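An overview of the molecular structure
Read off the chains here:
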Amino acid sequence: MKYFFLFFILILSCNSKELGTDEPDKILTGINNIFISQVIDGRNESRKVIIHANSDPIVNFSYPLVFFLHGNGGSADKWLNPNLDYVDNHEFIGIYPQGFKNSWNLGQENSNANDIEFFNLIMQEISSYQNIDLNKIFAIGTSNGSGMVNELAINTSFLKGIAPIASQLFIDQIKNKNINPLSIYQVCGSDDETIPYNGGVSRVGHTFMSANESIMEWAKSINCNEEYVLSIVENDSLFTFTNCKEKNQVVHRRVEGGNHNLSGRGRFIINDIWKFFKSLD
């Protein structure tokens, strides 16, 4: 087997505490770094994950977990400041993994890491903590991270909802696969210059469905009625499928005039995504 893991390594956190040590109640608190060991291309690599929790968590409260995945060339650290208010207000615990070679392996990237395995290992490590709600685990990704979020939804079963931002499904990515039912909030810019809204070959090396085909494929895969409701939110077009298996919802947000960076509106849209996640049964 080309990819396998050897062991976990936990190091001192940003709070000068070792995560999982001297904490008999196994509570996530403050900002912690963990490092997970994984063999990639025959070498043992130590992969960083930032865990961003409130420094004074509510007693006997189980927090939702939200994974945030950076784009190609990005850094996990970039999510700390944008999510401070959410974490300080006890909304969720943020999980910020670092892609190997600063990217997620979707077949055209520099990384050869088995990222599905990587995320399963993260879940193994954090699932023993008492102040997390394992029934409320979500993932938000941008660009290359968005593609990885789609892969996680297709190939794992721990997610309740995902929000792929600035990337739709690849051609044939989801067809003929048994998908664990979950909710989707897909966001694409109508004028994306990197991943064309209407699909086709992109300059990142992948061939994409159109954004509309992508959301229809998601709706079909989790047994939604293919009829949707069209509404306007902050000048964006919102296509919502609500009659889905297990009360899931599938939403596509077309950011009118938005480029690959959504014309600077990403933070505001993430706030709407979190409201969507919180509304799920």
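All of the points below concern the structure found in this document. (Residues numbered from 1 in each chain as written. Predicted model: local features only at pLDDT ≥ 70, side-chain atom pairs only at ≥ 80, totals over all residues. Heavy atoms only, no water.)

Throughout the structure, instances matching the rule amount to 10 salt bridges. Residues Asp115 and Arg47 are paired through a salt bridge, measuring 2.9 Å at the closest nitrogen-oxygen approach. In this pair, Asp115 is assigned in helix H2 (residues 115-126) and Arg47 in strand S3 (residues 43-52), connecting sequence segments 68 residues apart. Each of the two residues, Asp115 as well as Arg47, counts as buried. Residue Glu256 pairs with Arg254 through a salt bridge whose shortest N-O separation is 2.9 Å. (Salt bridge = Lys/Arg side-chain N within 4 Å of Asp/Glu carboxyl O. Helix = DSSP H or I, 4+ residues; strand = E, 2+ residues; numbered from the N terminus. Buried < 20%, exposed > 50% of the residue type's maximum accessible area, 1.4 Å probe, protein only.)

Our focus in this paragraph is the packing of H2 against helix H3 (residues 144-155). The geometry of H2 relative to H3 is characterised by a closest axis approach of 10 Å and an angle of 75° between their N-to-C directions. In this view, H2 runs roughly perpendicular relative to H3, as classed from their interaxial angle. Listed contacts from H3 to Asp115, Ile116 and Phe119 of H2 are Met148, Glu151, Leu152 and Asn155. Grouping the constituent residues of the contact of H2 with H3 by class yields 4 nonpolar, 1 polar and 2 charged. (Axes fitted to C-alpha atoms, helices over the stretch in contact; angles between N-to-C directions. Parallel < 35°, antiparallel > 145°, perpendicular 65-115°, else oblique. Contact = heavy atoms within 4.5 Å. Nonpolar A, V, L, I, M, F, W, Y, C, P; charged D, E, K, R; others polar.)

Take unusual backbone geometry next. Phi is positive for Asn223, which is not a glycine, with a value near 60°. Look at Asn223 and you get partly exposed, because its relative accessible area is 48%. You will see that Glu246, though not glycine, has its phi angle at about 55°, which is positive. Positionally, Glu246 belongs in the loop between strand S12 (236-241) and strand S13 (250-255). Taking the relative accessible area as the measure of exposure, Glu246 reaches 58% and is therefore exposed.

Remember that the coordinates give geometry; whether it matters functionally is a separate question.
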